[in-house]
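A closer look at the structure
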Amino acid sequence: MIRILHTLRARDDERGVALVAVVGVGMVVMMLVATLVAVSSSGARLTTNDRDWARAAAAAYAGIADYQARLNADNSYGTHGEEAAPFSRDSGSKFSDGPGGNPAFGYRPEDRWVDVPGRDGTPSGGSYRYAVDNSKLTSQGAIRVQSTGRAGSTTRTFIANVRPDGFSNYLYFTNYESQDPSVSNETVNSTCGGQQCKVPCTSEYRPFAVGTTCQYIQFAARDLLEGPVRSNDQFRICGATFQGTVQSVYGWTKAGCTGTTPTFASNPTTSSTLTPPATIADLRDYTREDLRSTTDTPEGPGCLYTGPTKITFLGGGKVNIVSPMTVKTWVKGAAEQAGGFLTGGSQPARCGDVDQLHTPAGATIDIPKNNLIYVQNEPAVRSRGGQDPNLWSSSEYKRESTACDVTTRASTATSLPSNGVGFPEVGSTNEADPTAGLGNTVTDPYGCDNGDVFVKGTVDKAVTVAAENYLYVTGDITYPATRSASTVLGLIGQRAVWVWNPVNQAGQPYKPANRRIDAAILANDGTFAVQNYTLGSSRGTLTVNGSIAQNFRGAVGTGSGASGYFKDYAYDPSLATYTPPKFPQPTITTYRVATQLESRTAYTASGAAVP
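Quick caveat, the model's predicted, so the values are computed rather than measured.

**Topic: the side chain of Thr309**
- Within the element layout of this structure, Thr309 appears in strand β17 (residues 309-315).
- At 2.9 Å, the side chain of Thr309 and the side chain of Ser323 are in polar contact.
- Leaving out residues up to four positions away in the same chain, Thr309 has contacts with Ile321, Val322, Ser323, Val375, Val421, Asp452, Val453 and Phe454.

Below, the structure written as C-alpha cells:
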C-alpha cells in the first residue's frame, strides 16, 4: 500500500513539471509570435516611409522637369511666377506675366499640388509645387527653381539652377568655318565679262562649297583645346588635340592637311544648329533709364558710351574709361518701350564724369557689377526731325582736342586718322595699317565714329563689355587669384573681336609675344581673329581661359606656326554655372539643369510654408 502511494505521488510530481514546461513553451511561442507581428508591422511602416521618401524626391524632380519643359517650349517663360511665394519673395523676383494659370506655382495651404501621373496616366501618389528665383535672369541668364515633392505625409525640396544652352557653354563655337569676307576683304579668282577677275568671296558651309567660297581655316598640329567644341559647319582638323567633346553638323575632315592625325578624348558626334543673333542692338536697352525692365532690377541700368572707347580694368573693382565722343551715358526714349528712337538721357556719376571721359586720363569708376558696358557707333541724324542725344557731329565736344580728326593721318606709317583714343598707335614705332587674312587690309579699322572698344586689364567683378562694331584686346585680360566663381567677363564685338597685334612699316610685330584672355568671347555677326597674323615671326601662344563663339571662323596664326599664334584654349568651368551679364543667347535655345541639390524642406504635407 505504501509502495502504491509513493508511486502515485511520483507520477503527480512529473505531471506538474510537464504542465509548467508546456506553459513556459507556450509563453515563449506567444512572445515570438508577438515579436514577429511587431517586427512585421514596423517593417511595413518602414517600407511605407521609405516608399514615400523616394516618391517625394521623384515628385520634386518631376516639378523641375515640368518647369524646364515649359522654358524649352517658351524661352520667355522666366517672366512667369508667383511673387508672393516665400522663395520668390525672398529673392526679390519679379514676374510681369504672373503665374499664367500654372497650378504648380501654388504656395498657400489651400492651393492644390500637381499630381505626378503614373504609367497608366492615373496619379502615382506623388505631387509637386515649385517657386522660381528669376532675379539673375536678365543679368546672368540663370533661373533657380525650388521644387517640393509630396508623397503621403512626406515632403522633400530640391533647388536646381536652370540655364540656356548658350554660346558660353562651349569652349569654341563657330557658325561658318571660313572667314568673314566683310571684315577680311578676302577675294577669289572668277570670270567677269569673259576675263579673269577677283571678286569678294562668299560664305558657304563646307559640304556646299563653290568656286567663290571663302577659304576654310584649319586646326593646326600644336593647337590644344581643353573643353567642348561645336560648329554648324564641318571642321578641318590637321593634328590638333581635343580634350573635350567635339560636335558639328557636318562632321570633320583632314582633307588637304599635311599635319599629323588629330587626337580626340571621345569620338566626334553630330549636332543640331545653334544660330547666333544677327545683332546686339537690343543690348543698348539695358542702358535705358526709362524702362522698368531695367530700372526695377537690382543692378539697374548699365553704362553707354559712344564712338571709340578705351577701357582698362584696374582690379579692386575699378575700371578706367576714355571716351571722347560720349555725351549721355544713360538714355531714354519717347515712349516707355524697348527699341525705337532715343530722345534724351543723363550723365550719372556711376558711369563717369563726361568731362573726364573726354580727357586722355579718362574717368575711373566702379565696375558696373553684373551689368553691361555698351559702346555704340555715332548715331545718325534722323530723317524725320530730332536727333539722338549722342549725335556727336553737332555737339560742342567735337571741338575738343581729343576729338577725331578725319583729315589728318595719325602718322606717316598709316593712311588712317587718329581715332581719339590712341589708335593707330603713334610713338617710337608707328603702327601701320592692320591686315586680316591673306594680307588683305581690314575693313574700316579704328574708324573715327565707330563703336570700337579697346580693352585690357584685371577684372574682378562680373561684367560684359559690348561693342557695336569692333572690340580690340590690347593687352592681357585676366582674373585675379582671389576671383570668385561668379566673376565672369563677357567680351562682345558685333563685327569682330580682334587680338591687337600691331606691326610697323616693315611688317614686323613690335609688342611682346604671347597673349592671355580670361573671358567669354562673342562675335555674333563677325569673327574672332588676330590682326596681321601672316606677318613677322611666331607670336608664341594665345591662351584663352573661357569660351569663344563667332559667326565666321577667324585665323590666329598660320598652320605651320611661322607667324601668328598657336592656340591654347581651355574652358572656364565657372561658365558651366554662370553666364556673363546680359550675354546674348542663340535665337532658339534649350534650357538645361546645370546643378541641383536637396535643401531644407519648404512646405509641409498640408501645404503650409515651413518658416
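That was the structure; now back to the text.
**Brief notes about the nonpolar core**
- Counting residues in hydrophobic clusters, the biggest one holds 73 residues, and the most contacted among them are Phe313, Leu491, Phe528, Leu542 and Tyr569.
- Discounting residues that sit within four places of it in the chain, Phe313 has contacts with Lys318, Val319, Ile367, Val455, Lys456, Gly457, Thr458, Val459, Val463, Val465 and Leu489.
- Counting residues in each nonpolar core, the second largest holds 21 residues, with Ile64, Val114, Phe158 and Val162 among its members.

**Thoughts on the packing of aromatic side chains**
- Counted by the stated rule, this structure contains 25 aromatic pairs.
- Note on Phe423 and Trp500: the rings are 5.3 Å apart at their centroids and 85° apart in plane angle, and the pair reads as edge-to-face. In this pair, Phe423 is assigned in the loop between β22 (371-376) and β23 (453-458) and Trp500 in the loop between β27 (496-499) and β28 (515-530), connecting sequence segments 77 residues apart. As far as the burial class goes, Phe423 and Trp500 line up, both buried.
- Chaining the aromatic ring pairs together yields one cluster made of Tyr172, Phe219, Phe235, Phe242, Trp252, Phe264 and Tyr569.
- The ring centre of Tyr603 lies 4.8 Å from the NZ or CZ of Arg129, which sits over that ring.
- Of note, Arg483 hangs over the ring of Tyr479, and the distance from its end group to the ring centre comes to 3.9 Å.

**A closer look at the pattern of salt bridges**
- With the rule as written, the count across this model stands at 18 salt bridges.
- Among the ionic pairs, Glu299 bridges to Lys582, the shortest N-O distance being 3.1 Å. With Glu299 in the loop between α5 (292-295) and β16 (303-306) and Lys582 in the loop between β30 (564-571) and β31 (591-599), this pair connects stretches of sequence that are 283 residues apart.
- Here Glu299 falls in the buried class, since its relative accessible area comes to 10%.
- Glu425 serves as the salt-bridge partner of Lys511, at 3.2 Å between the closest nitrogen and oxygen. Of this pair, Lys511 sits in the loop between β27 and β28 while Glu425 is found in the loop between β22 and β23, placing the two residues 86 residues apart along the sequence.

**Side note on empty space enclosed by the protein**
- Applying the stated criterion across every chain, the model contains one cavity of 30 Å³ or more.
- Approximately 60 Å³ is the volume found for the largest cavity.
- Only α4 (181-184) and β28 provide two or more residues apiece to the lining of the largest cavity.
- Of the residues in the lining of the largest cavity, the class split is four nonpolar, five polar and two charged.

**Description of the state of the cysteines**
- In this structure the tally under the stated criterion is four disulfides.
- The residue that forms a disulfide with Cys201 is Cys214, at a sulfur-sulfur distance of 2.0 Å. Residues Cys201 and Cys214 are joined through a disulfide that is right-handed, its torsion about the S-S bond being 85°. Note that Cys201 is positioned in the loop between β7 (195-200) and β8 (224-226) and Cys214 in the loop between β7 and β8, a separation of 13 residues in sequence.
- The partner cysteine of Cys238 in its disulfide is Cys257, sulfur to sulfur 1.9 Å. Classification of the bridge connecting Cys238 and Cys257 rests on its S-S torsion, roughly -65°, and on that basis the disulfide is left-handed. Of this pair, Cys238 sits in the loop between β10 (235-236) and β11 (241-242) while Cys257 is found in the loop between β13 (252-253) and β14 (263-264), placing the two residues 19 residues apart along the sequence. Cys257 shares its class with Cys238; the two are buried.

**Some remarks on unusual backbone geometry**
- Between Phe423 and the following residue, Pro424, the backbone shows a cis peptide bond with an omega angle of -5°.
- Tracing the backbone shows Pro424 in the loop between β22 and β23.
- At Asn185, a position not held by glycine, the phi torsion is positive, near 60°.
- Here the phi dihedral of Tyr446 falls at roughly 55°; this positive angle occurs in a residue that is not glycine.
- By the secondary structure assignment, Tyr446 is in the loop between β22 and β23.
- Classification of Tyr446 as buried rests on a relative accessible area of 1%.

Procedures and definitions
- Residues numbered from 1 in each chain as written.
- Predicted model: local features only at pLDDT ≥ 70, side-chain atom pairs only at ≥ 80, totals over all residues.
- Heavy atoms only, no water.
- Helix = DSSP H or I, 4+ residues; strand = E, 2+ residues; numbered from the N terminus.
- Polar contact = N/O pair within 3.5 Å; in protein donor to acceptor, adjacent residues only side chain to side chain.
- Contact = heavy atoms within 4.5 Å.
- Core = buried A, V, L, I, M, F, W, Y, C linked by side-chain atoms within 4.5 Å.
- Buried < 20%, exposed > 50% of the residue type's maximum accessible area, 1.4 Å probe, protein only.
- Phe/Tyr/Trp six-rings, centres within 6.5 Å; stacked < 30°, edge-to-face > 60°.
- Lys NZ or Arg CZ within 6 Å of the ring centre and 35° of its normal.
- Salt bridge = Lys/Arg side-chain N within 4 Å of Asp/Glu carboxyl O.
- 1 Å grid on protein atoms, 1.4 Å probe; cavity = no way out; pocket = protein on both sides within 12 Å on 5 of 7 lines; lining within 4 Å.
- Points joined across faces, edges and corners; volume = space filled by probe spheres on them.
- Nonpolar A, V, L, I, M, F, W, Y, C, P; charged D, E, K, R; others polar.
- Disulfide = S-S within 2.5 Å.

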